[in-house]
Amino acid sequence: DAQRLFCEIYLFMDWIFLAHPRITAGDRTAIVNSEWMGTFMHDSDMCNKLYIAGIPVWYVHTMVYIPSNQTL
């Protein structure tokens with residue numbers, strides 16, 4: 001339990017000191033932090049915020065939003 005708690009505190013500090021200031025600064029240039037694991041998202045607004053914060057993110061959506069001429 002102590003190890004899990006330490007990891008949660010460490011990641012919370014990363015969020016507060018690294019990711020959140022990037023989101024609130026309004027700077028739209030994103031330098032992705034390759035040390036972070038990243039996440040899959042369905043919400044486009046949150047996906048955009050995490051991208052701005054430099055968090056690796058993959059936007060998951062239905063096939064309807066993919067143009068028919070795009071090769072996958």
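For clarity, every value in this text was computed on a predicted model and none was experimentally measured.

A.B. asks: Please give an account of the layout of surface pockets that cites residues and values.
C.D. replies: In this structure, the largest pocket encloses a volume near 190 Å³. The wall of the largest pocket is formed by L11, D14, W15, W36, M37, L50 and I55. Classifying every residue of the lining of the largest pocket by side-chain character gives 6 nonpolar, no polar and 1 charged.

A.B. asks: I'd like a rundown of helix 1 (residues 2–25), residues and numbers included.
C.D. replies: At 3.6 residues per turn, the α-helix brings residues three or four places apart onto the same side. The terminal C-alpha atoms of helix 1 lie 34 Å apart, and with 24 residues this matches the ideal 34 Å at 1.5 Å per residue to within 8%. If you look at helix 1, its biggest bend is around 40 degrees, right at W15. Following helix 1 by one or two positions, G26 adopts a phi angle in the positive range, close to 80 degrees.

A.B. asks: Residue-level account of the pattern of salt bridges, with values.
C.D. replies: Counted by the stated rule, this structure contains 2 salt bridges. Between R4 and D1 there is a salt bridge, with its nearest N and O atoms 3.5 Å apart. R4 gets classed as partly exposed once you look at its relative accessible area, which sits at 47%. As a salt-bridge pair, E8 and R4 come within 2.7 Å of each other at their nearest N and O atoms.

A.B. asks: Break down the packing of aromatic side chains for me, citing the residues and quoting the values.
C.D. replies: Pairs of aromatic rings are described using the distance from one ring centre to the other and the angle between the two planes. For the coordinates displayed, the defined rule picks out 2 aromatic pairs. Judged by centre distance (6.3 Å) and plane angle (25 degrees), the rings of F6 and Y10 are stacked. With F6 and Y10 both in helix 1 and 4 residues apart, this pair spans about one turn of that helix. The exposed category is assigned to F6, whose relative accessible area is 57%. We classify Y10 as partly exposed; its relative accessible area is 49%.

The rules behind these values
Residues numbered from 1 in each chain as written. Predicted model: local features only at pLDDT ≥ 70, side-chain atom pairs only at ≥ 80, totals over all residues. Heavy atoms only, no water. 1 Å grid on protein atoms, 1.4 Å probe; cavity = no way out; pocket = protein on both sides within 12 Å on 5 of 7 lines; lining within 4 Å. Points joined across faces, edges and corners; volume = space filled by probe spheres on them. Nonpolar A, V, L, I, M, F, W, Y, C, P; charged D, E, K, R; others polar. Helix = DSSP H or I, 4+ residues; strand = E, 2+ residues; numbered from the N terminus. Expected span 1.5 Å × (residues − 1). Bend = angle between axes of the 7 residues up to and from the residue. Salt bridge = Lys/Arg side-chain N within 4 Å of Asp/Glu carboxyl O. Buried < 20%, exposed > 50% of the residue type's maximum accessible area, 1.4 Å probe, protein only. Phe/Tyr/Trp six-rings, centres within 6.5 Å; stacked < 30°, edge-to-face > 60°.

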